[in-house]
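Observations on chain architecture
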Amino acid sequence: MAARWLLGITAVMFVALGLNGLLNPVGHLAPYGLELATPGWLGEVRANYGGMHLGIGLLFALGAVRAEWQRTGLAVLLAFLGGLAVGRTLSVFVDGTPPVFAIAFIAIEWVGAVLAMALLLRRPA
């Protein structure tokens with residue numbers, strides 16, 4: 001049951017982020033102070049923050065509703081959030097302190113990755 005909740009919550013978050021990245025690429029990254037004016041950058045935001053997050057969010061949703069997809073969803077959640085958490089944490093040490101909302105992302109990503117790992121370790125292969 002915990003796996004369904006974790007995957008369901010992250011599915012909603014990723015689908016929302018993905019739709020925002022697809023439909024509002026400039027606004028999506030505005031809090032970071034980035035100015036995107038070229039088709040190449042807009043395409044990268046739509047692809048990476050839009051399409052990729054939307055697709056992964058749909059995978060999490062599938063894991064939330066289909067038991068046979070839970071391990072896959074949890075493994076992708078661990079890899080994706082763990083990778084984001086490591087990258088953001090490294091950036092704090094190398095680049096300096098980010099805005100407050102980015103620090104919140106770091107915490108959410110670490111918690112999500114640890115929960116996904118714990119749930120994976122509890123489930124039989």
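Since the structure is predicted, the reported quantities are computational estimates derived from the model, not experimental observations.

**Some details on the side chain of His-53**
Tracing the sequence through the fold places His-53 in helix α3 (residues 39-65). Note on His-53: relative accessible area 10%, which makes it buried. Among the polar contacts made by the side chain of His-53, one reaches the main-chain carbonyl oxygen of Asn-48 at a distance of 2.9 Å.

**Concerning the layout of surface pockets**
Approximately 520 Å³ is the volume attributed to the largest pocket. If you trace the largest pocket, you find 25 residues lining it, with Leu-17, His-53, Arg-88, Phe-105 and Glu-109 closest to the centre. Only α1 (2-23), α2 (25-29), α3, α4 (70-95) and α5 (100-122) provide two or more residues apiece to the lining of the largest pocket. Element by element, the count of residues in the lining of the largest pocket is highest for α5, at 7 residues. The residue makeup of the lining of the largest pocket, split by class, is 17 nonpolar, 6 polar and 2 charged. Size it by volume and the second largest pocket reaches roughly 200 Å³.

Thresholds, definitions, all that
Residues numbered from 1 in each chain as written. Predicted model: local features only at pLDDT ≥ 70, side-chain atom pairs only at ≥ 80, totals over all residues. Heavy atoms only, no water. Helix = DSSP H or I, 4+ residues; strand = E, 2+ residues; numbered from the N terminus. Buried < 20%, exposed > 50% of the residue type's maximum accessible area, 1.4 Å probe, protein only. Polar contact = N/O pair within 3.5 Å; in protein donor to acceptor, adjacent residues only side chain to side chain. 1 Å grid on protein atoms, 1.4 Å probe; cavity = no way out; pocket = protein on both sides within 12 Å on 5 of 7 lines; lining within 4 Å. Points joined across faces, edges and corners; volume = space filled by probe spheres on them. Nonpolar A, V, L, I, M, F, W, Y, C, P; charged D, E, K, R; others polar.

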